[in-house]
Each structure stands twice: as structure tokens, then as C-alpha cells.
Amino acid sequence: MANNGTRAAKLADRIRVIVAETLKTRVKDPRLGFVTITDVRITGDLRDATVFYTVYGNEDERAESAAALESAKGVLRTEVGRQTGVKHTPSLTFVADAIPEGARNIEELLAKVAVSDAAVREAAATAAYAGEPDPYKAPREDDDEFDEALDDAAAADPADPAGTEDA
């Protein structure tokens, strides 16, 4: 026997196809706009199915399509029960999918980022270094003089090479 999760996934996929085909062929509600069934999720006990959909159009068309789906829920559930042959036909709950709004939000954010990247690129083209062109420390020339003084002190007193003995 198949895993219950596998069975639920197969039934959810079958419900998605049945609902989409039934909306296309049997439901003749003029309020129903361009509806796309995006996903169906079913509970583990196979009793409740959540049908996610999107509607192409403005906010009024979305509200009208939602009302049309609610009024066609009985026809759709009957068709799901008839075509799936399960012992208990799952109840259908329609939820507007948030994917299009999320995608639109991401596209707006990417457009803002592109504008700010262009501004940074433009500023970088005319920018100059804040400090010296070579920011790495180079050995100072007077370090050679200090080394020579240490060498002279070591030569004067071989017991104290650093010349630190107090007199």
C-alpha cells in the first residue's frame, strides 16, 4: 500500500486537474474571470482540500471570481467525488494565492536595487581614493638610520648589543 503522504499528493494533484477542467467546461458563471488553479493541499486524513487560485484582473474582478468560486463549490465538490471515487469527498476551500503579489513585490525591489546600483557605479567612476594611492605602509627611510645607530652601539659594547645598560 502506498504511503499516506503519497496518496494525499496524488489526490491533491487529481483534484487540481478536476477543478480546473470543471471550471472550464461546466461552470458558466459570468462573474468567473480568468482563474488559474495553482495548487491544492489536502489534509492527511483526506477530508479537507485547500484550493489555491489566481485571477487575472483588478481587485473587483478578483472579488467577483471569489464569489463565483464559492457559489460553484457544490458543483466542484460533486465532480471531485464522482471522478476520484474516494470514500469521503474532501470539502473544498478556495484561497487566493499570494504568489503574484509576492512576485510583483520582488520585481519592484529589484528595480529599486538596479537604480541604486547604477548610482553607485556612477559615483565610483568619478571617485578618488580618500588617502594615498598606495595605502600600504612602506618601510620608512629613517628606519635605516635607527638600525645603523643600533649597530654602532653593539659594536661599542659587545656585552650589551642593544646599548641599554645604565652607566
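Residues numbered from 1 in each chain as written. Predicted model: local features only at pLDDT ≥ 70, side-chain atom pairs only at ≥ 80, totals over all residues. Heavy atoms only, no water.

**Overview of the packing of helix 1 (residues 4-25) against helix 3 (residues 73-84)**
Two measures define how a pair of helices packs: the angle their axes make with one another and the distance between the axes.
Piece 1. In the contact formed by helix 1 and helix 3, the axes pass within 9 Å of each other and the chain directions differ by 125°. As judged from the angle between their axes, helix 1 and helix 3 are oblique. For the crossing formed where helix 1 meets helix 3, the hand is right-handed. From helix 1, L11, R14, I15, I18, V19, T22 and L23 reach across to helix 3, where they touch V75, L76, E79, V80, Q83 and T84. (Axes fitted to C-alpha atoms, helices over the stretch in contact; angles between N-to-C directions. Helix = DSSP H or I, 4+ residues; strand = E, 2+ residues; numbered from the N terminus. Parallel < 35°, antiparallel > 145°, perpendicular 65-115°, else oblique. Left-handed = near helix turned anticlockwise from the far one by under 90°. Contact = heavy atoms within 4.5 Å.)

**Let's talk about the pairing of strand 2 (residues 48-56)**
Put simply, side chains in a regular strand alternate between the two faces of the sheet.
Piece 1. Of the strand pairs in this sheet, strand 1 (residues 34-42) and strand 2 are connected by eight bridges, and their pairing is antiparallel. Bridged to F34 within strand 2 is Y56.
Piece 2. What sits between the antiparallel neighbours strand 1 and strand 2 is a turn of five residues, in which L46 has the positive phi angle 60°. (Pairing = 2+ DSSP bridges.)

**Considering the layout of surface pockets**
Piece 1. In this structure, the largest pocket occupies an estimated 180 Å³ of space.
Piece 2. In this structure, the largest pocket is lined by Y53, T54, V55, Y56, G57, R62, A96, D97, P100, E101 and R104.
Piece 3. Put simply, the parts of the chain that give the lining of the largest pocket at least two residues each are strand 2 and helix 4 (99-125).
Piece 4. Here the residues of the lining of the largest pocket are counted per class, giving five nonpolar, two polar and four charged. (1 Å grid on protein atoms, 1.4 Å probe; cavity = no way out; pocket = protein on both sides within 12 Å on 5 of 7 lines; lining within 4 Å. Points joined across faces, edges and corners; volume = space filled by probe spheres on them. Nonpolar A, V, L, I, M, F, W, Y, C, P; charged D, E, K, R; others polar.)

**With respect to the sheet that holds strand 2**
Either a parallel or an antiparallel arrangement is found when strands of a sheet pair, and the pairing is made through backbone hydrogen bonds.
Piece 1. Spatially, three strands are ordered 1-2-3 in an open sheet, and the strand pairing comes out mixed. With one partner strand each, in any of the chains shown, strand 1 and strand 3 (91-96) form the two edges of the open sheet. The sheet shows a mean angle of 30° between the axes of neighbouring strands, direction not considered.
Piece 2. As judged from the six bridges shared by strand 2 and strand 3, these two strands associate in the parallel manner. Its bridge partner lying in strand 3, A49 is registered against L92.
Piece 3. Along the sheet, helix 1 contacts strand 1, strand 2 and strand 3; its crossing angle with strand 1, the most-contacted strand, is approximately 160°.
Piece 4. Of the strands in this sheet, strand 1, strand 2 and strand 3 are in contact with helix 2 (residues 59-71), which crosses strand 2 at around 145°.

**Some thoughts on unusual backbone geometry**
Piece 1. The backbone of L46 sits at a positive phi, close to 60°, despite the residue not being glycine.
Piece 2. For L46, the position within the fold is in the loop between strand 1 and strand 2.

**A few points about the pattern of salt bridges**
When charged atoms on two side chains of opposite charge get close, those side chains can pair.
Piece 1. Applying the stated criterion across every chain, the model contains seven salt bridges.
Piece 2. Put simply, R26 and E79 hold a salt bridge, and the shortest N to O gap is 2.5 Å. With a gap of 53 residues between them, R26 in the loop between helix 1 and strand 1 and E79 in helix 3 connect regions that are remote in the sequence.
Piece 3. Given the relative accessible area of 49%, R26 is considered partly exposed. (Salt bridge = Lys/Arg side-chain N within 4 Å of Asp/Glu carboxyl O. Buried < 20%, exposed > 50% of the residue type's maximum accessible area, 1.4 Å probe, protein only.)

**What to know about the side chain of T54**
Piece 1. In this fold, T54 is placed in strand 2.
Piece 2. Residue T54 is classed as buried on the basis of its relative accessible area of 16%.
Piece 3. If we skip the residues at most four places from it in the chain, T54 touches F34, V35, T36, T38, D97 and P100.

**Let's talk about the nonpolar core**
Piece 1. I15, V19, L23, I42, L76, L92 and F94 are the most contacted members of the largest nonpolar core, which totals 25 residues.
Piece 2. Of all elements in the fold, only helix 1, strand 1, strand 2, helix 2, helix 3 and strand 3 reach the threshold of two or more residues within this core.
Piece 3. Ranked by residue count, the leading element in this core is helix 1, at seven residues.
Piece 4. Among all residues touching L76, those that are not within four sequence positions of it are V19, T22, L23, V27, L92 and F94. (Core = buried A, V, L, I, M, F, W, Y, C linked by side-chain atoms within 4.5 Å.)

That's the geometry; what it means functionally is another story.
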